[in-house]
Amino acid sequence: MDEIFEKVQSVVDRYDEVSEMISDPDVIADTKRFLALSKEEGSLRETVETFKHYKQVVESIEENEEILREEANDSELEELAKEELKDLRVEKESLEEQIKILLLPKDPNDDKNIIMEIHGAAGGDEGALFAADLYDMYLRYAEKEGWTVEIIDENKTEIGGYKEIVLMITGDNVYSKLKFENGAHRVQRVPETESAGRVHTSTATVGVMPEYEDVDIEIEDKDLRVDVYRSSGAGGQHINKTSSAVRMTHLPTGIVVAMQDQRSQQQNRAKAMEILKTRVYDYYASQNEAEYAEQRKTAVGTGDRSERIRTYNYPQNRVTDHRIGLSLNKLDRIMNGELEDVIDALLIADQTAKLEALKQG
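This write-up is about the structure you can find in this document. Note that the coordinates shown come from a computational prediction; the quantities given were computed from them, not determined experimentally. Residue numbering note: each chain is counted from 1, following its sequence as written. For this predicted model, a pLDDT threshold of at least 70 governs which residues receive local features, and a threshold of 80 or more governs which side-chain atom pairs are given and counted, while totals over whole chains, interfaces and linings are taken from all residues. Excluded from the side-chain calculations are hydrogens and water; all other atoms, namely the structure's heavy atoms, are used.

**A closer look at the sheet that holds strand E10 (residues 318–321)**
Here is step 1: Two strands make a pair as long as DSSP finds a minimum of two bridges between them. A run of H or I in DSSP becomes a helix once it reaches four residues, and a run of E becomes a strand once it reaches two; helices and strands are each numbered from the N terminus. Taken in spatial order, the 8 strands of this open sheet run E2-E3-E1-E5-E4-E9-E10-E11, and their pairing is mixed. The open sheet is flanked by strand E2 (148–156) and strand E11 (326–328), the only strands paired with a single partner. Pairwise comparison of adjacent strand axes, ignoring direction, gives a mean angle of 15° for this sheet.
Here is step 2: When strand E1 (residues 114–120) meets strand E5 (residues 200–210), the two strands line up antiparallel, connected through 7 bridges. Axes here mean lines fitted to C-alpha atoms, for a helix over just the part in contact, with angles spanning 0 to 180 degrees between N-to-C directions.

This is the structure in structure tokens:
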């Protein structure tokens, strides 16, 4: 643990340094720097507090061991010390594991908002209907987490499914909780259109990418086609009478972003460009197979969209995540947005895999 203690002591030192800096009037006057340092302090706080608690536990263990050495003739006091020591040693071991996890390299994207794409895949209409069910599931989970969900683009089918729906989800730690949703989701159930009552297997794919606020990517005019058109849906007369909606197509990748929710064409252009840059950046980043392969070695991984990650079995009311071998017989509750057990299990599996990689490396 000596190496671990050296690392955690450097975190404590940095925390003390940052805490001192954010009380400096010059730093307080510089809003951008103050916010950045406040955010850093917040990210270090849990590690520092856990380490302080750990040191208190170690101190209590030493005190009880001292009692056992000095009070050998006092059986009652000796018994109390032994009982307390037993609990303290268990707590010490637990805190050591917590500290190791807290010292794992943080994913720099964990606190980012996300863009989520859900596509109906295999199974035609049934795949599109399942895509709509997944959208409802994530919407309900987002509501429980206090996040905001905005539909960026959608392509509905006649029977109420989605060939594609693209969402912007904003809030605290969105990417950290939803990054493992990337992949192919398989459903086994009797479709509404099936008269013989046979169970069909269909799929929908989910893509999750962090919102890159200041991406280092330039989209040249020659690679971009911009169409403007009249908005539809809510918004009253203004939104329907002017050509304020914008559709941007990135020609080299074929990525399309349509935006009509803002009040003016200029606002829709700005929002569409921001989202387009994120999606193009993610497209090119995902081409780096070496980096992807390295991530897969050290963690559960966020997967690619062709990887079947989960099965939703309606006849048996069961959800199975194939990456970690987790099966839960409460599909109805999960589809109602109760994703916590699945997400927590994936986070723990990811942390465990990273800890094992550290031990071996």
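Continuing now.
**Notes on the side chain of Ser176**
Here is step 1: With respect to the helices and strands, Ser176 occurs in helix H6 (residues 174–178).
Here is step 2: Three exposure classes are used, based on accessible area relative to the maximum for each residue type with a 1.4 Å probe and protein chains only: buried under 20%, partly exposed in between, and exposed over 50%. Residue classification places Ser176 among the buried positions, given a relative accessible area of 12%.
Here is step 3: Any pair of N or O atoms that falls within 3.5 Å is considered a polar contact. Within protein, one atom must be able to donate a hydrogen and the other to accept it, and sequence-neighbouring residues count only if both atoms are side-chain atoms. Only 2.8 Å separates the side chain of Ser176 from the backbone oxygen of Asn173, close enough to count as a polar contact.

**Some words on the nonpolar core**
Here is step 1: Put simply, a nonpolar core is a bunch of buried Ala, Val, Leu, Ile, Met, Phe, Trp, Tyr and Cys residues held in one set by side-chain atoms that sit within 4.5 Å of each other. Among the nonpolar cores identified, the biggest contains 36 residues, and Met116, Ile118, Leu134, Tyr138, Leu178 and Tyr312 are the most heavily contacted of them.
Here is step 2: Counting only elements with at least two residues in this core, the list comes to E1, helix H5 (125–145), strand E3 (162–170), H6, E5, E11, helix H10 (331–335) and helix H11 (340–360).
Here is step 3: Per-element accounting of this core gives the leading share, 9 residues, to H5.
Here is step 4: If we ignore the near neighbours within four places in the chain, the residues touching Leu134 are Ile118, His185, Ala204, Val206, Tyr312 and Met335.
Here is step 5: Listed in part, the 16 residues of the second largest apolar core include Met168, Leu224, Ile255 and Ala272. Whether two residues are in contact is decided by their heavy atoms: any pair within 4.5 Å suffices.

**A few points about the sheet that holds strand E6 (residues 224–229)**
Here is step 1: Reading across the sheet, the 3 strands line up as E6-E7-E8 and stay open at both edges, with antiparallel pairing between neighbours. Looking at strand neighbours, the two that pair on one side only are E6 and strand E8 (255–259), the edges of this open sheet. The sheet shows a mean angle of 15° between the axes of neighbouring strands, direction not considered.
Here is step 2: As judged from the 5 bridges shared by strand E7 (residues 245–250) and E8, these two strands associate in the antiparallel manner. Looking across to E8, one finds that Val246 is bridged to Met259.

**Some points on the environment of Ile309**
Here is step 1: Along the chain, Ile309 falls in strand E9 (residues 308–313).
Here is step 2: Given a relative accessible area of 0%, Ile309 falls into the buried group.
Here is step 3: A sequence separation of 127 residues divides Ile309 from Asn182, and the C-alpha atoms of the two residues are 8.1 Å apart.

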